[in-house]
Amino acid sequence: MVKGRQGERIRLYVRGIILGYKRSKSNQYPNTSLIQIEGVNTPEEVDWYLGKRMAYIYKAKTKKKGTNYRCIWGKVTRPHGNSGVVRAKFRTNLPPKSMGCCHYLAYKPSDVSYFSFV
């Protein structure tokens, strides 16, 4: 908490689960990922998240820039269906290992230091 501030700490992210890639019956499109945001259940609730940045944070074996954690940034592009799932595009396609895994959706990110869990 910042010195001199009163009140509760504000969480600047929300959790979500990576469901998979956008796909059709026989093709999948790995440049677009489907993500279920925690607490979002209708297309109307998705509207607030459109355009927000999200981060997929994972741990690697080797250190780069003094840390083992790496981050792939992406953006919520549009809703997918009627159950609150969103489509998101990331700078690089998400690895298949990320399916079923948590990601973090940042409200106003400028760098990874917003995330206190790293």
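Attention shifts here to the pairing of strand 5 (residues 85–90). When a strand is regular, its side chains alternate between the sheet's two faces. Burial runs high along strand 5: five of the six residues are buried. Judged from the four bridges that link them, strand 2 (residues 28–37) and strand 5 form a sheet pairing that is antiparallel. Within the sheet, the bridge partner assigned to Ile 35 lies in strand 5 and is Val 86. Bridge count for strand 4 (residues 67–80) against strand 5 is six bridges, and the pairing is antiparallel. Note that in strand 5 the partner of His 80 across the bridge is Val 85. Hairpin connection, strand 4 to strand 5: the antiparallel pair is bridged by four residues, and Gly 81 has positive phi, about 80°.

Our focus in this paragraph is the packing of aromatic side chains. One pass over the structure, following the stated rule, counts two aromatic pairs. Ring centres of Tyr 56 and Tyr 58 lie 5.6 Å apart, and the angle between their planes is 20°; this geometry places the pair in the stacked category. Lying over the aromatic face of Tyr 29, Lys 22 brings its terminal NZ or CZ to 5.3 Å of the ring centre. Residue placement shows Lys 52 over the ring face of Trp 48; its charged tip is 4.2 Å from the ring centre.

What follows concerns unusual backbone geometry. Here Lys 65, not a glycine, exhibits a phi torsion of approximately 55°, which is positive. Position of Lys 65 among the secondary structure elements: in the loop between strand 3 (53–64) and strand 4.

What follows covers the pairing of strand 3. Note that strand 3 and strand 4 share eight bridges and pair antiparallel. Paired with Tyr 58 across the bridge in strand 4 is Arg 70. Between strand 3 and strand 4, which follow one another and run antiparallel, lie two residues, and Lys 65 among them has a positive phi close to 55°.

A word on the environment of Tyr 56. As for its position among the elements, Tyr 56 is in strand 3. Measuring from C-alpha to C-alpha, the distance between Tyr 56 and Ile 72 comes to 5.1 Å, with 16 residues separating the pair along the chain. Excluding residues that lie within four positions of it along the chain, Tyr 56 makes contacts with Ile 18, Arg 70, Cys 71, Ile 72, Phe 90, Leu 94, Pro 95, Ser 98, Cys 101 and Cys 102.

Moving on: the nonpolar core. Counting 16 residues, the largest nonpolar core has Ile 35, Ile 37, Met 54, Phe 90 and Leu 105 as its most contacted members. Looking at this core, the elements that each hand over two or more residues are strand 1 (13–23), strand 2, strand 3, strand 4 and strand 5. The greatest single-element share of this core, amounting to three residues, is contributed by strand 5.

What counts as what
Residues numbered from 1 in each chain as written. Predicted model: local features only at pLDDT ≥ 70, side-chain atom pairs only at ≥ 80, totals over all residues. Heavy atoms only, no water. Buried < 20%, exposed > 50% of the residue type's maximum accessible area, 1.4 Å probe, protein only. Helix = DSSP H or I, 4+ residues; strand = E, 2+ residues; numbered from the N terminus. Pairing = 2+ DSSP bridges. Phe/Tyr/Trp six-rings, centres within 6.5 Å; stacked < 30°, edge-to-face > 60°. Lys NZ or Arg CZ within 6 Å of the ring centre and 35° of its normal. Contact = heavy atoms within 4.5 Å. Core = buried A, V, L, I, M, F, W, Y, C linked by side-chain atoms within 4.5 Å.

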